[in-house]
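Structural overview
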Amino acid sequence: MQDTITKALIYEAQIRLYLIDNTQLLQNIFALNQELPRSHKLLLGKTISAMSILSGTLKGNQRMSLQVTLSNPRHKIFAEAEANGNVRGYLNGELLRSSEIAEKSMQDLIGPSGMIRVIKGSEMNQFTSITDMPNQNVIDDIANYFVQSDQTPTYLYSDIQLDNEASLLSSHALYAQLLPGAPPHLLSEVKMIVKANPDIFSKLNAEETSDSEATLIQLFGDAKIIGHSSSQFFCGCSKEMFHGMLYSLSEEEIKRSIERNEDIEAFCHICGKTYTFEQKEMQQLL
Ligand SMILES: [Zn+2]
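For clarity, every value in this text was computed on a predicted model and none was experimentally measured.

**So, the pairing of strand 11 (residues 264-267)**
Going residue by residue along strand 11, you find Ile 264 and Ala 266 tucked away on one face and Glu 265 and Phe 267 left uncovered on the opposite face. Bridge count for strand 11 against strand 12 (residues 274-277) is 4 bridges, and the pairing is antiparallel. Along strand 12, the bridge assignment pairs Glu 265 with Thr 276. If you look at the hairpin formed by strand 11 and strand 12, you'll find 6 residues sitting between the two strands, and Gly 272 has a positive phi there, around 85°.

**Comments concerning the sheet that holds strand 4 (residues 76-82)**
In space, the 10 strands of this open sheet follow the order 7-6-3-4-5-10-1-2-9-8, with mixed pairing throughout. Two strands in the sheet have a free side with no partner beyond their single neighbour: strand 7 (125-132) and strand 8 (154-162). The sheet shows a mean angle of 20° between the axes of neighbouring strands, taken without regard to direction. The sheet contact formed by strand 8 and strand 9 (residues 168-178) spans 9 bridges and is antiparallel. Along strand 9, the bridge assignment pairs Ile 160 with Ser 171.

**Considering the coordination of the zinc ion**
Within the protein, the zinc ion binds to Cys 235 (SG), Cys 237 (SG), Cys 268 (SG) and Cys 271 (SG); these donor distances fall in the range 2.2 to 2.3 Å. Around the zinc ion, the 4 donor atoms sit at angles spanning 105 to 113°, and that spread fits a shape best called tetrahedral. Residue classification places Cys 237 among the buried residues on the basis of a relative accessible area of 11%. Taking relative accessible area as the criterion, Cys 271 reaches 15% and is therefore assigned buried.

**Quick word on the domain arrangement of the protein chain**
Domain annotation of the protein chain identifies domain 1 (3-233) and domain 2 (239-283). Put simply, the middle of domain 1 and the middle of domain 2, counted by C-alpha atoms, are 36 Å apart. Taken residue by residue, the interface counts 5 residues in domain 1 and 4 residues in domain 2. Considering only the side of domain 1, the residues that lose the most area to domain 2 are Leu 32, Tyr 90 and Phe 233, jointly responsible for 80% of the buried surface there. Scanning the region where domain 1 abuts domain 2 turns up 0 salt bridges.

Basis of the calculations
Residues numbered from 1 in each chain as written. Predicted model: local features only at pLDDT ≥ 70, side-chain atom pairs only at ≥ 80, totals over all residues. Heavy atoms only, no water. Buried < 20%, exposed > 50% of the residue type's maximum accessible area, 1.4 Å probe, protein only. Helix = DSSP H or I, 4+ residues; strand = E, 2+ residues; numbered from the N terminus. Pairing = 2+ DSSP bridges. Axes fitted to C-alpha atoms, helices over the stretch in contact; angles between N-to-C directions. Donors = N, O, S within 2.8 Å, 3.2 Å for Na, K, Ca; no water. Tetrahedral: all angles 85-135°; square planar, octahedral: opposite > 155°, others 65-115°. Domains from an automatic or database assignment. Contact = heavy atoms within 4.5 Å. Buried area = accessible area lost by both parts, 1.4 Å probe. Salt bridge = Lys/Arg side-chain N within 4 Å of Asp/Glu carboxyl O.

Right under this line is the structure:
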């Protein structure tokens, strides 16, 4: 199942506006992280939701990798998006383990000295930039990255609704970027309109572009839908990727597993897949 990004230009093509209902994508992510407490779930969910809408801004073979380092530098969030809409992400082991100690708010988890590192581009042509997290809010701080490193005023919005058991009810995201020469107050207007009309997402339909356009015109006065793209969870791991891990085992360790007649299991912490390496595969390594 794929979620669809609706892409539009509003205010006489002065703002680029992308919207997505990415409930399906987040459902897939949360299915792998069911035990996470609320704040950890929201932190992961919001990061991935932002990446899913940002996948719509990538072209060709571009990808965007995000590494968020929280104030506790051992706590990290990783996420990645590709131009074809594939998105993946996870909390690192230390951050997962911190959820067992005490439940903190999202703001306290990030703390006062969080950092965002973004690598963007294609294989041949990559840009890395590091920005701080002055808002202690992963969505506003990713938007801040665009202001700091691209000098492009950007508004990002994510709304994730969880029920009392922290199960997902819905997830929506929006991206608005000021195009060159446009007055900055337009972005504040978008912000106000989105906050006042949280049902905007449920009115958009990829099959009925004219209806969606009418909805956006009603809200912003002027809108033109310029296209759609998909976004979906995709890990992309393979058994071959875990071969490297086997090579890092010492000869001793491999011999010991063979003697005990044990298979070695490798676990992908992004998608939850387990790869089994059998005796004969390990023998080939010796
Ligand atoms: Zn995987």
